[in-house]
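Observations on chain architecture
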Amino acid sequence: MGVAGATLFSCTGGRTIPKVTDTTPAIDTQWPIKRVIYLMMENRSFDNLFGKYPGANGATVGLQAGKEIPLIRCPEWLPGDLPHDRAAHLNCLNGGKLDAFDGGIYGPVYAYSQYDPDQVRNYYAWAQHYVLCDNFFASVGGPSYPNHFFFVAGQSGGAIDNPENIETTVVEGKKFKSWGCDAVGNDVFVFVKDDKGNLTKHDSCFDFPTVPDQLSQIGVDWAYYAAVPGQAGYFWNALNGIGPIFHADTFHEHTRPVGQLIADIEANKLPPVTWATPRFELSDHPPFSTCFAQNWVTDIVNAVMKSDAWMHTAIFLAWDEWGGFYDHVLPPDVDDLGLGIRVPALVISPYAKKGLIDHEVGEFSTPLKFIEDNWGLPHLTPRIERTHNFEHVFDFGKNPRTDAEPLGHLKCYGNAFDFPENYPGWVPGTTPVTNPL
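The following refers to the structure shown.

Moving on, we get to the overall build of the protein chain. A tally of helices and strands in the protein chain yields 13 helices and 16 strands. Its C-alpha radius of gyration of 22 Å places the protein chain within 12% of the 22 Å reference for a compact globule of 437 residues. Seen through its C-alpha atoms, the protein chain measures out along the principal axes to roughly 80 × 50 × 45 Å. Sequence-distant contacts in the protein chain: of pairs separated by 6 or more residues, those separated by 24 or more amount to 79%. With the model as given, the accessible surface of the protein chain reaches about 17900 Å², and the carbon-plus-sulfur share is 52%. Looking at the protein chain, you have 30 positive and 51 negative side-chain charges, and the mean spots of the two groups are 5 Å apart.

The following block contains the structure:
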């Protein structure tokens, strides 16, 4: 035994190899779920991705200036972005008529488009095997910035739009852009509404509490995977806009490069709760390819299914706002901030009811309520308090299902990180945007 021990010590270069024990399954939870992965994609309405899904509340025709028009097949790459700020949200609603999605250069054609099943077959497959939510809405009637705060905190500090006067700079040869406490620009501000409807300016650094804070207070570990500074998509890291987190060790201790996510899943390094946002090019955000984005999500789901953690994991997959795409369902009016236009959401877990289409009203606070209830935390905000906790989409009275099927990649056009200036799927004569990032 001594010789064997000496040999092992020698073969490892004299290093002591610690025994790695996963303690996460031993943590007490209300339900058998011991790991939650909350993944936020970008800029798709429900009708754009799932309007043709059988049995769901989808539409294949839209309203434009009061007239019905068919929704065309959405191209994998768009020639440019669609308006999706606060003003665009109000324009699309058009006083409840939902018939004015045709804003901007590309809106008259591509806002009224949707994917056929062959283009989103992996999204459809997860809907067929797990849970599709067809009554799930963005938390704020506006763009990414306030909705990503709801993603981690169940509130946005009253923010209703993206920050103004943001500048892009170059740091160590890479473009840097942030919407948070490290934003660059003169007189950076964001419009916020208080509970009386008053509109004021606020800097882009907030100090409200978050669900990650709550987890830390009870000793439950968590991580936030995001694009790193210098990568497109860094501005979607909501935690860089929360001052007490960003200006403390917490940000560096818990924020991880999103490019590391799949490797960490495979190495069983995920903490009990994980938030993740993609790089811009893999996010579903127009004009970039929804095909490559779908393959990226597929790699994440496949890695979880193949891991030891799968049997006690729940994945919540959502899209952060409608992105300018048509949707036929009028959002419920809950307060001055939202809800926003309907977006897709999926719940993927071995405990999820197979093929369930969930009609309960949900928003980005809803997975947070599941997290809080599962780990015995108080509800952080009124929005979290008022929503459901997703318990009804699971079957916790049965053993976890063993029918998980990892999926293959879709065949995509071109390269995920190179915007094609001559994509053949556009309407003839289309002039694409020259700077997609």
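Let's pick the thread back up.
Moving on to the packing of helix H5 (residues 121-129) against helix H11 (residues 290-306). The contact between H5 and H11 brings their axes to 9 Å, and the two run at 40°. Classified by the angle their axes make, H5 and H11 are oblique. Taking contact as the criterion, the partners of Arg 121, Asn 122, Tyr 123 and Trp 126 in H5 are, on H11, Ala 293, Gln 294, Val 297, Thr 298 and Val 301. Looking at the contact of H5 with H11 residue by residue, the classes come out as five nonpolar, three polar and one charged.

What follows covers H5. What H5 keeps buried is the set Asn 122, Tyr 123, Tyr 124, Ala 125, Trp 126 and Ala 127. For H5, the secondary structure elements touched by its buried residues are strand E1 (35-41), helix H2 (46-50), strand E6 (131-133), H11, strand E14 (313-319) and strand E15 (345-348).

Further remarks concern the packing of aromatic side chains. The final tally for this structure, using the stated rule, is 42 aromatic pairs. Considering the side-chain rings of Phe 101 and Tyr 326, the 5.0 Å spacing of their centres and the 65° angle between planes classify their relative orientation as edge-to-face. Of this pair, Phe 101 sits in the loop between helix H3 (86-93) and helix H4 (107-111) while Tyr 326 sits in the loop between E14 and E15, placing them 225 residues apart in sequence. What makes Tyr 326 buried here is its relative accessible area of 4%. Directly above the ring of Phe 189 sits Lys 201, whose terminal nitrogen or CZ lies 4.2 Å from the centroid.

Core analysis: the largest hydrophobic core is formed by 131 residues, its most contacted members being Phe 50, Trp 275 and Phe 394. In terms of residues, this core owes the most to one element, H11, which gives 10 residues. Not counting residues up to four positions away in its chain, the partners in contact with Phe 50 are Tyr 123, Tyr 124, Ala 127, Leu 132, Pro 344 and Leu 346.

As a further point, take the state of the cysteines. Tallied over the entire structure, the rule returns two disulfides. The side chain of Cys 181 participates in a disulfide bridge whose partner is Cys 205; the two sulfur atoms lie 2.0 Å from each other. Taking the sign of the torsion about the S-S bond as the criterion, the disulfide between Cys 181 and Cys 205, at about 80°, is right-handed. Here Cys 205 lies in the loop between strand E10 (199-202) and helix H7 (211-217) and Cys 181 lies in the loop between strand E8 (174-176) and strand E9 (190-193), a separation of 24 residues in the sequence. Residue Cys 205 is classed as partly exposed on the basis of its relative accessible area of 23%. Residue Cys 291 pairs covalently with Cys 412 via a disulfide, S to S 2.0 Å. Every disulfide takes its handedness from the sign of the S-S torsion; for Cys 291 and Cys 412 that torsion is -80°, giving left-handed. Here Cys 291 is found in helix H11, whereas its partner Cys 412 is found in the segment after helix H13 (382-386), with 121 residues between them in sequence.

Moving on, we come to the side chain of Ser 283. Here Ser 283 shows up in the loop between strand E13 (273-276) and H11. Among the polar contacts listed, one links the side chain of Ser 283 to the backbone nitrogen of His 285, at a separation of 3.1 Å. If we ignore the near neighbours within four places in the chain, the residues touching Ser 283 are Met 41, Glu 42, Trp 236, Pro 278 and Ala 293.

Within strand E11 (residues 222-226), five of the five residues are buried, leaving the element largely enclosed by the surrounding structure. Where E11 meets E13, four bridges bridge the pair, whose relative direction is parallel. Directly across from Tyr 225, in E13, lies its bridge partner Ala 276. Inspection of the sheet shows E11 paired to strand E12 (residues 255-257) by three bridges, in the parallel sense.

With an omega of 10°, the peptide bond running from Pro 286 to Pro 287 counts as cis. Assignment of secondary structure puts Pro 287 in the loop between E13 and H11. Here Asp 187, not a glycine, exhibits a phi torsion of approximately 55°, which is positive. Relative to the elements of secondary structure, Asp 187 occurs in the loop between E8 and E9.

Calculation criteria
Every residue gets a number counted from 1 within its own chain, in the order that chain's sequence is written. Local features are withheld for residues below a pLDDT of 70 in this predicted model, meaning they are given only at 70 or higher, and side-chain atom pairs are given and counted only at 80 or more; totals for whole chains, interfaces and linings count all residues. Here the side-chain values reflect all heavy atoms present in the structure, with hydrogen atoms and water set aside. Secondary structure elements are taken from DSSP: a helix is a run of H or I of four residues or more, a strand is a run of E of two residues or more, and numbering for both begins at the N terminus. Only the C-alpha atoms count toward the radius of gyration. The rule for a globule is 2.2 Å times the residue count to the power 0.38. Residues count as neighbours in contact if any of their non-hydrogen atoms are within 4.5 Å of one another. Using a 1.4 Å probe, accessible areas were evaluated by the Shrake-Rupley method; residue-level cover was limited to the displayed protein chains. Positive charges are assigned to Lys and Arg, negative charges to Asp and Glu, while His and the chain termini are left out of the count. Charged groups are reduced to one reference atom each: NZ for lysine, CZ for arginine, CG for aspartic acid, CD for glutamic acid. Only the contacting stretch of a helix is used when fitting its axis, a line to C-alpha atoms as for every element, and angles between N-to-C directions run 0 to 180 degrees. Orientation labels follow simple angle bins: below 35 degrees gives roughly parallel, above 145 gives roughly antiparallel, 65 to 115 gives roughly perpendicular, and whatever is left gives oblique. Each residue is assigned to one of three groups, with Ala, Val, Leu, Ile, Met, Phe, Trp, Tyr, Cys and Pro labelled nonpolar, Asp, Glu, Lys and Arg labelled charged, and all others, Gly among them, labelled polar. Buried means the residue's accessible area, taken with a 1.4 Å probe over protein chains only, is under 20% of the maximum for its type, while exposed means over 50%, and partly exposed covers the values in between. Within 6.5 Å between ring centres, the rings of Phe, Tyr and Trp (the latter by its six-membered ring) count as paired, and their orientation is classed by plane angle as stacked under 30 degrees, edge-to-face over 60, tilted in between. Definition used: whenever NZ (Lys) or CZ (Arg) falls within 6 Å of the ring centre and also within 35 degrees of the ring normal, the charge is taken to sit over that ring. Grouping buried Ala, Val, Leu, Ile, Met, Phe, Trp, Tyr and Cys residues that are joined through side-chain atoms within 4.5 Å yields what is termed a nonpolar core. A pair of cysteine sulfur atoms is labelled a disulfide when the two atoms are within 2.5 Å. Two N or O atoms form a polar contact when they lie within 3.5 Å of each other; inside protein one atom must be a possible hydrogen donor and the other a possible acceptor, and for residues adjacent in sequence the pair counts only when both atoms belong to side chains. DSSP-based pairing: two strands are paired if at least 2 bridges between them are found.

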